[in-house]
Amino acid sequence: MINLILGHKGSGKTKKLISLVNEAMEKSDGCVVCIEKEPLLTYNVNYRVRLIDTDNYGIEGCDQMLGFLCGVCAGNHDITDILIDATLKICGRDFAQIGAFLAAVDKYCAQSGKNVTFTISADKEELPAEVFDFCQII
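First things first, this report covers the structure right here in the doc. No experiment lies behind these values; they were computed from the predicted model shown.

A word on the environment of Gly61. Of note, Gly61 is situated in the loop between strand E3 (50–53) and helix H2 (62–75). On the basis of relative accessible area, Gly61 is assigned to the buried category, the value being 18%. It is 22 Å that separates the C-alpha atoms of Gly61 and Glu125, two residues lying 64 residues apart in sequence. Excluding anything up to four places from it in sequence, Gly61 contacts Ile90 and Cys91.

Okay, the packing of aromatic side chains next. Per the stated rule, a full pass over the model turns up two aromatic pairs. Centre to centre, the rings of Tyr57 and Phe68 are 5.3 Å apart; their planes meet at 45 degrees, and the pair counts as tilted. With a gap of eleven residues between them, Tyr57 in the loop between E3 and H2 and Phe68 in helix H2 connect regions that are remote in the sequence. Take Phe68: its relative accessible area is 14%, and that puts it in the buried class. For the ring pair Phe101 and Phe118, a centre distance of 5.6 Å and an interplane angle of 75 degrees mean the geometry is edge-to-face. Taken together, the positions of Phe101 in helix H4 (residues 95–112) and Phe118 in strand E5 (residues 115–120) put the pair 17 residues apart, joining distant regions of the chain. The same class applies to Phe101 and to Phe118, which are both buried.

Attention now goes to H4. In this model H4 runs 25 Å from its N-terminal to its C-terminal C-alpha over 18 residues, within 8% of the 26 Å that 1.5 Å per residue would give. Regarding H4, the residues found buried are Phe95, Ile98, Gly99, Phe101, Leu102, Val105, Asp106 and Cys109. In an axial view of H4, the angular spread of the buried residues amounts to 165 degrees, which keeps them on one side of the axis. Structural note: H4 exposes Ala96, Lys107 and Gln111 on the side pointing more than 90 degrees away from its buried face. Among the structural elements, strand E1 (2–6), H2, helix H3 (87–91), E5 and strand E6 (135–137) are those in contact with the buried residues of H4. Its side-chain oxygen 3.1 Å from the backbone nitrogen of Ala96, Asp94 forms the N-cap of H4. In the stretch just after H4, Gly113 is the one whose phi turns positive, near 75 degrees.

Calculation rules
Residues numbered from 1 in each chain as written. Predicted model: local features only at pLDDT ≥ 70, side-chain atom pairs only at ≥ 80, totals over all residues. Heavy atoms only, no water. Helix = DSSP H or I, 4+ residues; strand = E, 2+ residues; numbered from the N terminus. Buried < 20%, exposed > 50% of the residue type's maximum accessible area, 1.4 Å probe, protein only. Contact = heavy atoms within 4.5 Å. Phe/Tyr/Trp six-rings, centres within 6.5 Å; stacked < 30°, edge-to-face > 60°. Expected span 1.5 Å × (residues − 1). Arc of directions from axis to C-beta. Polar contact = N/O pair within 3.5 Å; in protein donor to acceptor, adjacent residues only side chain to side chain.

As structure tokens, this is what we get:
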């Protein structure tokens, strides 16, 4: 199951994500990865967390992000948790594509056993209803 942190700008999504990243690092027997749009969280997350800035890799859109996530996981089989901030800034605001992207990530997570959390700057009503068949809001 995928976890979603929903809310509009300024609602505290990133603060909650930072807390979840640090909690995951304390509980994990493997590696924790935090993916962000630009390098803003460097001093907020535990130094053992692998912090990745998608701007360094030119990631734009859902397809590139999915390939990037799979590549990160292929490069390190010890990853237990992946937390992504600013999902819509990376993937775009096409909510139908976001729904298909989340479905693909969920399929991968079911096979690999990884925990994935996304922050999304939107209300629940803006996302396709079928997303909530495999995503939970935290």
